[in-house]
Amino acid sequence: MKISIVTITYNAEKVLQRTLDSVASQTYRNIEHLIIDGASTDGTLEKMKDYRLRITDYAVRIVSEPDSGIYDAMNKGLRLATGDYIVFMNAGDTFHEPTTLERVVVSLTPSEKFGVAYGDTDIVDSEGRFLRKRHLSVPDHLTWRSFRQGMLVCHQAFYARLDIARDIPYDLQYRHSADVDWCIRVMKEAEHRHLSLVRVPGVVADFMDGGNTTQNHRASLRERFQVMRRHYGLLTTLVMHAWFVVRAVGKGKRLKK
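Residues numbered from 1 in each chain as written. Predicted model: local features only at pLDDT ≥ 70, side-chain atom pairs only at ≥ 80, totals over all residues. Heavy atoms only, no water.

K.L.:
How would you summarise the environment of aspartate 181 if you had to cite specific residues and measurements?
P.N.:
Looking at the secondary structure, you find aspartate 181 in helix 6 (residues 178-192). As for aspartate 181 and histidine 231, which are separated by 50 residues in sequence, their C-alpha atoms are 8.4 Å apart. Leave out the neighbours within four places in its chain, and aspartate 181 touches Asp171, Tyr174, Val227, Arg230 and His231. (Helix = DSSP H or I, 4+ residues; strand = E, 2+ residues; numbered from the N terminus. Contact = heavy atoms within 4.5 Å.)

K.L.:
I'd like a rundown of the packing of aromatic side chains, residues and numbers included.
P.N.:
Under the criterion given, the structure shown has six aromatic pairs. Relative to tryptophan 182, the ring of phenylalanine 88 lies with its centre 5.9 Å away and its plane at 90°, an arrangement referred to as edge-to-face. Separated by 94 residues along the polypeptide, phenylalanine 88 in strand 4 (residues 85-88) and tryptophan 182 in helix 6 bring together distant segments of the chain. Looking at tryptophan 182, the relative accessible area reads 0%, which means it is buried. (Phe/Tyr/Trp six-rings, centres within 6.5 Å; stacked < 30°, edge-to-face > 60°. Buried < 20%, exposed > 50% of the residue type's maximum accessible area, 1.4 Å probe, protein only.)

K.L.:
Account for the packing of helix 6 against helix 8 (residues 217-232), naming residues and giving values.
P.N.:
The interhelical angle for the contact between helix 6 and helix 8, taken along N-to-C directions, is 20°, at an axis separation of 10 Å. By the angle between their directions, the pair helix 6 and helix 8 is classed as roughly parallel. The handedness of the crossing between helix 6 and helix 8 comes out as right-handed. Between helix 6, through Val180, Asp181, Ile184, Arg185 and Lys188, and helix 8, the contact on the second element is made entirely by Arg224, Val227, Arg230, His231 and Tyr232. Classifying every residue of the contact of helix 6 with helix 8 gives four nonpolar, one polar and five charged. (Axes fitted to C-alpha atoms, helices over the stretch in contact; angles between N-to-C directions. Parallel < 35°, antiparallel > 145°, perpendicular 65-115°, else oblique. Left-handed = near helix turned anticlockwise from the far one by under 90°. Nonpolar A, V, L, I, M, F, W, Y, C, P; charged D, E, K, R; others polar.)

K.L.:
So what about the pattern of salt bridges? Which residues, and what values?
P.N.:
Enumeration according to the criterion identifies 18 salt bridges in this entry. Residues aspartate 163 and arginine 161 are paired through a salt bridge, measuring 2.7 Å at the closest nitrogen-oxygen approach. Taking the relative accessible area as the measure of exposure, arginine 161 reaches 16% and is therefore buried. With a shortest N-O distance of 3.1 Å, aspartate 171 and arginine 230 are connected by a salt bridge. In this pair, aspartate 171 sits in the loop between helix 5 (162-165) and helix 6 while arginine 230 sits in helix 8, placing the two residues 59 residues apart along the sequence. Judged by relative accessible area, which is 18%, aspartate 171 ranks as buried. Assessed through its relative accessible area of 41%, arginine 230 is described here as partly exposed. Three or more residues are tied together by salt bridges with common partners; here these are Arg161, Asp163, Asp167, Glu189 and Arg193. (Salt bridge = Lys/Arg side-chain N within 4 Å of Asp/Glu carboxyl O.)

K.L.:
If you had to explain the side chain of threonine 94 to someone new, which residues and values would you point to?
P.N.:
Its place among the elements puts threonine 94 in strand 5 (residues 94-95). Classification of threonine 94 by relative accessible area gives buried; the value is 7%. When near neighbours in sequence (up to four residues on either side) are disregarded, threonine 94 contacts Arg18, Thr19, Ser22, Met89, Val204, Ala205 and Asp206.

K.L.:
With reference to specific residues and values, describe the nonpolar core.
P.N.:
Residues Ile3, Ile5, Tyr51, Ile86, Phe147, Phe158 and Trp182 are the most contacted members of the largest nonpolar core, which totals 80 residues. Counting residues per element, this core draws most heavily on helix 6, which supplies eight residues. Those residues within four positions of isoleucine 5 in sequence are excluded, and the remaining contacts are Val23, Ile31, Glu32, His33, Leu34, Val87, Met89, Phe95 and Leu101. (Core = buried A, V, L, I, M, F, W, Y, C linked by side-chain atoms within 4.5 Å.)

K.L.:
Tell me about unusual backbone geometry, and please be specific about residues and values.
P.N.:
In this structure, proline 110 follows threonine 109 across a cis peptide bond, with omega equal to 0°. Along the chain, proline 110 turns up in the loop between helix 4 (100-108) and strand 6 (114-124). Notably, alanine 39 is not glycine yet its phi reads approximately 65°, a positive angle. Tracing the backbone shows alanine 39 in the loop between strand 2 (31-37) and helix 2 (44-54). Assessed through its relative accessible area of 27%, alanine 39 is described here as partly exposed. We note that histidine 194 has phi near 60°; this positive angle belongs to a residue other than glycine. Locating histidine 194 in the fold gives a position in the loop between helix 6 and strand 9 (196-208).

K.L.:
Tell me what's going on with helix 8, and back it up with residues and numbers.
P.N.:
Given a rise of 1.5 Å per residue, 16 residues ought to cover 22 Å, and the 22 Å separating the end C-alpha atoms of helix 8 matches this to within 8%. Among the residues of helix 8, Ser220, Glu223, Phe225, Val227, Met228, His231 and Tyr232 are the ones counted as buried. Residue glycine 233 follows helix 8 closely and has a positive phi angle near 90°. (Expected span 1.5 Å × (residues − 1).)

K.L.:
Mind laying out the environment of threonine 27, listing which residues take part and the relevant values?
P.N.:
Summarising the element assignment, threonine 27 is placed in the loop between helix 1 (13-24) and strand 2. Residues threonine 27 and glutamate 97, spaced 70 residues apart in sequence, show a C-alpha to C-alpha distance of 9.5 Å. Each residue touching threonine 27, except ones within four places of it in the same chain, is listed here: Pro98, Thr99 and Glu102. A distance of 2.5 Å separates a polar atom in the side chain of threonine 27 from a polar atom in the side chain of glutamate 102. (Polar contact = N/O pair within 3.5 Å; in protein donor to acceptor, adjacent residues only side chain to side chain.)

This is how it looks when you write it as structure tokens:
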């Protein structure tokens, strides 16, 4: 089984090395690493080229050119990937441990049965230090309907079958939440093909705090409402958002005690 790892970068010189080292440290080596750069103007490209020179046992492909944003870059990665499954591990994000991909592949075997593999995520700072667990819990049994409760699985912990993923490009009408929409549509298609979603035990990704969604929190929330309305209908979306508010208020009261 071949895993395609796609890393999106733009002026990411300060955080990219951790991601490159994390991929290089994986004990599972039937991989390819696609690095899609938005024409960085700092030292990002030099780091990528140095990395490609020292890797000899898996393919590293670099594309550096202007794009229309992170999701346009991700669509480039979808078109270029050649693996059986694909995962997006962006600059600053890392696999949780060197054996992560081994655990993913074991969970996906036999691959003909599964459309998606998913696992837990830790939140880390720009130095890779643990900050906290995600506030949303990963369910043992995931379906596309599960995301009514929010994005239960982090994008970096979501492994999609490439033959499904390539037919479902990121919707560029969304600037901050196209990943939510994409994950839902991939899971819908997996269900349509009678393929299961499998949970990988434990943490599979370390997500760097302060990414695109965090930096554009309000715009992201507005887009997520539209995504949920698109997939689950207006009434369900309104009810779930009312529950989100109640949950947030309750959490705030507990923190004050």
